[in-house]
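One letter stands for each residue in the lines below.
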Amino acid sequence: MRLRIAQVNCVLDPLRREPETLLAAWPTLPAIAEATAGAGAEVVVVQVSHAGARFTRRGVRYHFIPVGTARALAPWRLRHAVREVAPDIIHLNGLDFPLHARLLSTLVAPVVVQDHASRAARPRLGRLRRWGHAHAAAALFTAEAQAEPFRAARQLPARTSIFAVPESSSGFEPGDRAEARVRTGVRGNPAILWIGRLDANKDPLTAIHAFRLAREHLPGAELWCVHSSDALLPALERRLAEDSALARHVHSLGHVPHAQVEQLCRACDLLLATSHREGSGYALIEALACGLPSVVSDIAPFRALVGDLAESRFAAPGDAPAFAEGLVSLAREASAQSRTAVRRHFDAHLAFPVVGRRLVDIYRTVIARSAHA
């Protein structure tokens, strides 16, 4: 039986008013829908929008539901649109839409909710989320352990099935390292890449400290930082001003176009990811797609993405010496074969076709369990 899936997205983009513009700005949305369709499902994306539209693109049907001037009506309009699709299962993206989840749960099809970096809510919102998710058939996380805080707070029912699946994947590809270095100006032996917001969660100060410690053993190392917000920029600048020798080897690139991230992943030798928490870790997924060995925080989603890959190291969040030790260890073991092994891991576990097949398997399991409930 070919399943019909409604993948529902409730975030209204404040800037992008045209559907095609939105899909271009949110590439993982159509990519996941296409991967699911490629695994044999019929996929209809139901998306709140400023402008209504219906079209089919690359085997996926899109229903854009206009709610720009009537946001309070969005949950009811979405329910109506999903009912019209008559899906076998409803995939609601996000744990922060309890009213939407509750209304969709009144339809015949089971509802699956997927985490996208949410946190267990405080009491008032927690009660609303508990009510909204009371009938959710399943919840998806990058790692099953991420469901524990929601279960403990009773914001997901005990009977709700939990499944592990990456939030998304990446279309990045490995490329010629020397050519990428010419294009980007990256240098270093090794060249280390850090990507993230300059905030306490991404923890760039631990990254800088770890790099300084690693350079004691890797005198040719250079650190290249891509960042999109500046909350900790003054603290970072102060830290580098205190150590001019270190500052010469730390390169702040700021925000770069997405295509440039692929070139940076190709040009660098190692990824350093110091986050304290993540929904999944898009920078890590993209680095793995390019074959980049990684030194990452020992958190559940990173463990799930990296698996048992030998070309990786883990460190407790905030433990700069442990991150440094990982950088030194990987740098000394790195080879051309390392990048091949990392890409092989990506193809086997994280590529879009793999994620699409995993989602379809989950959908079938949930539908079967719901039929016997």
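Here is a short report on the structure shown in this document. (Residues numbered from 1 in each chain as written. Predicted model: local features only at pLDDT ≥ 70, side-chain atom pairs only at ≥ 80, totals over all residues. Heavy atoms only, no water.)

**Concerning the state of the cysteines**
Point 1. For the coordinates displayed, the defined rule picks out zero disulfides.
Point 2. Free of any disulfide, Cys290 has its nearest neighbouring cysteine sulfur in Cys265, separated by 4.5 Å.
Point 3. Given the relative accessible area of 1%, Cys290 is considered buried. (Disulfide = S-S within 2.5 Å. Buried < 20%, exposed > 50% of the residue type's maximum accessible area, 1.4 Å probe, protein only.)

**Here's the deal with the pairing of strand S7 (residues 138-141)**
Point 1. Burial along S7 is two-sided: the residues Ala138 and Leu140 and Ala139 and Phe141 are all buried.
Point 2. Pairing of strand S6 (residues 111-114) with S7, which is carried by three bridges, proceeds in the parallel orientation. Counterpart to Val112 in the pairing with S7 is Ala138.
Point 3. You can see the chain leave S6, run along helix H5 (residues 123-132) and come back into S7, and the turn it takes is right-handed.
Point 4. In this sheet, strand S8 (residues 161-164) lies alongside S7 in parallel orientation, the contact comprising four bridges. Bridge pairing links Phe141 to Ala164 in S8. (Helix = DSSP H or I, 4+ residues; strand = E, 2+ residues; numbered from the N terminus. Pairing = 2+ DSSP bridges. Right-handed = clockwise from strand over helix to strand, strands pointing away.)

**Digging into the sheet that holds strand S9 (residues 191-195)**
Point 1. Strand order across the open sheet formed by six strands is S11-S10-S9-S12-S13-S14, with parallel pairing between neighbours. The open sheet is flanked by strand S11 (250-254) and strand S14 (312-315), the only strands paired with a single partner. Across the sheet, the axes of successive neighbouring strands diverge by a mean angle of 20°, strand direction being ignored. (Axes fitted to C-alpha atoms, helices over the stretch in contact; angles between N-to-C directions.)

**Topic: the environment of Arg339**
Point 1. Mapped onto the elements, Arg339 comes out in helix H15 (residues 336-349).
Point 2. For Arg339, a relative accessible area of 18% corresponds to the buried category.
Point 3. Along the sequence, Arg339 and Leu270 sit 69 residues apart, while their C-alpha atoms lie 9.9 Å from each other.
Point 4. Residues in contact with Arg339, not counting those within four places in the same chain, are Arg177, Cys265, Arg266, Cys268, Asp269, Cys290, Gly291, Leu292 and Pro293.
Point 5. A polar contact of 2.9 Å, which involves the side chain of Arg339, links it to the backbone oxygen of Cys265. (Contact = heavy atoms within 4.5 Å. Polar contact = N/O pair within 3.5 Å; in protein donor to acceptor, adjacent residues only side chain to side chain.)

**Points about unusual backbone geometry**
Point 1. For the bond from Asn189 to Pro190, the omega torsion is 5°, close enough to zero to count as cis.
Point 2. The backbone of Arg58 sits at a positive phi, close to 50°, despite the residue not being glycine.
Point 3. Structurally, Arg58 is set in the loop between strand S3 (53-57) and strand S4 (60-66).
Point 4. Phi at Ala117 is positive, roughly 65°, even though this residue is not glycine.

**A look at the nonpolar core**
Nonpolar side chains in soluble globular proteins tend to be buried together.
Point 1. Counting residues in each nonpolar core, the largest one holds 33 residues, and the members touching the most others are Val186, Leu193, Leu271, Leu284, Leu288 and Phe346.
Point 2. With five residues, the top contributor of residues to this core is helix H12 (residues 282-289).
Point 3. Non-local contacts of Leu271, meaning those with residues more than four positions away in its chain, are made with Leu193, Ala283, Leu284, Ala287, Leu292, Pro293, Ser294 and Val295.
Point 4. Residues Leu95, Ala101, Val113 and Ala139 belong to the second largest nonpolar core, which totals 31 residues. (Core = buried A, V, L, I, M, F, W, Y, C linked by side-chain atoms within 4.5 Å.)

**A look at the pattern of salt bridges**
Working definition: two side chains of opposite charge can pair if their charged atoms are close together.
Point 1. The full count for this structure, using the stated rule, is 18 salt bridges.
Point 2. Two residues, Glu42 and Arg4, come together in a salt bridge whose shortest N-O distance is 3.3 Å. With Glu42 in strand S2 (residues 42-49) and Arg4 in strand S1 (residues 4-9), the pair connects residues that are 38 residues apart, well separated along the chain.
Point 3. On the basis of relative accessibility, which here comes to 27%, the residue Arg4 falls in the partly exposed class. (Salt bridge = Lys/Arg side-chain N within 4 Å of Asp/Glu carboxyl O.)

**Digging into the side chain of Glu222**
Point 1. Mapped onto the elements of the fold, Glu222 is located in strand S10 (residues 222-226).
Point 2. Within the structure, Glu222 has its side chain in polar contact with the side chain of His251 (distance 2.7 Å).
Point 3. If we skip the residues at most four places from it in the chain, Glu222 touches Arg187, Gly188, Pro190, Ala191, Ile192, Phe211, Arg248, His249 and His251.

**Let's talk about the sheet that holds S2**
Point 1. Spatially, the eight strands line up as an open sheet ordered S3-S4-S2-S1-S5-S6-S7-S8, and their pairing is mixed. Among the strands making up the open sheet, the edge pair consists of S3 and S8. Strand-to-strand twist across the sheet, computed as the mean angle between neighbouring axes with direction ignored, equals 20°.
Point 2. Bridge count between S1 and S2: six bridges; the pairing is parallel. Note on S2: the bridge partner recorded for Val8 is Val46.
Point 3. Contacting S1, S2, S3 and S4, helix H2 (residues 28-38) crosses the sheet at an angle of about 140° to S4.

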